[in-house]
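Descriptive analysis of the structure
Here is what each chain is made of, one letter per residue.
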Amino acid sequence: MPKAEDGHALDYVNNAADSNHEKYQEGRQCDGCAFWAGEESDGWGKCRHPQFSDVLVNANGWCSTWVPGG
Ligand code: SF4
């Protein structure tokens, strides 16, 4: 499965700290998100959100649909 690139959907970035989105808050990232489905390898894993069904996202990534969980 390909790895997501910055801007894939929903203002996604592979490095949360790179986000300048108004909703981004420090410390929030994919592996702490309810949509995170767990790491597959090397810091990359699946996201359950439909807009990321065809890519792997980075544990350190972030998008504007982030919700607490993980
Ligand atoms: Fe990451 Fe959550 Fe967005 Fe999926 S929904 S890309 S796990 S922040």
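Overview of the structure. What you are looking at is a predicted structure, and each value in this text was computed from that prediction instead of being measured.

So, about the side chain of S64. Considering the arrangement of structural elements, one finds S64 in the segment after β3 (56-58). Relative accessible area serves as the criterion here: at 13%, S64 is assigned to the buried category.

This part takes up the site of the ligand. Taken together, Y12, C30, C33, F35, W36, C47, F52, C63 and W66 are the residues near the ligand. Placement of the ligand is best described as lying within the largest cavity. Tallied by class, the residues present in the shell around the ligand amount to 9 nonpolar, no polar and no charged.

We now examine the environment of M1. Within the secondary structure, M1 is located in the segment before β1 (36-41). When residues no more than four places from it in sequence are discounted, the contact partners of M1 are K46, S53, D54, V55 and L56.

A few words now on the packing of aromatic side chains. Counted under the stated rule, the structure contains 2 aromatic pairs. Considering the side-chain rings of Y24 and W62, the 5.4 Å spacing of their centres and the 75° angle between planes classify their relative orientation as edge-to-face. Of the two residues, Y24 sits in the segment before β1 while W62 sits in the segment after β3, which places them 38 residues apart along the sequence. Take Y24: its relative accessible area is 18%, and that puts it in the buried class.

The rules we used
- Residues numbered from 1 in each chain as written.
- Predicted model: local features only at pLDDT ≥ 70, side-chain atom pairs only at ≥ 80, totals over all residues.
- Heavy atoms only, no water.
- Helix = DSSP H or I, 4+ residues; strand = E, 2+ residues; numbered from the N terminus.
- Buried < 20%, exposed > 50% of the residue type's maximum accessible area, 1.4 Å probe, protein only.
- Near = heavy atom within 4 Å.
- 1 Å grid on protein atoms, 1.4 Å probe; cavity = no way out; pocket = protein on both sides within 12 Å on 5 of 7 lines; lining within 4 Å.
- Sits in = over half its atoms within 2 Å of the grid points.
- Nonpolar A, V, L, I, M, F, W, Y, C, P; charged D, E, K, R; others polar.
- Contact = heavy atoms within 4.5 Å.
- Phe/Tyr/Trp six-rings, centres within 6.5 Å; stacked < 30°, edge-to-face > 60°.

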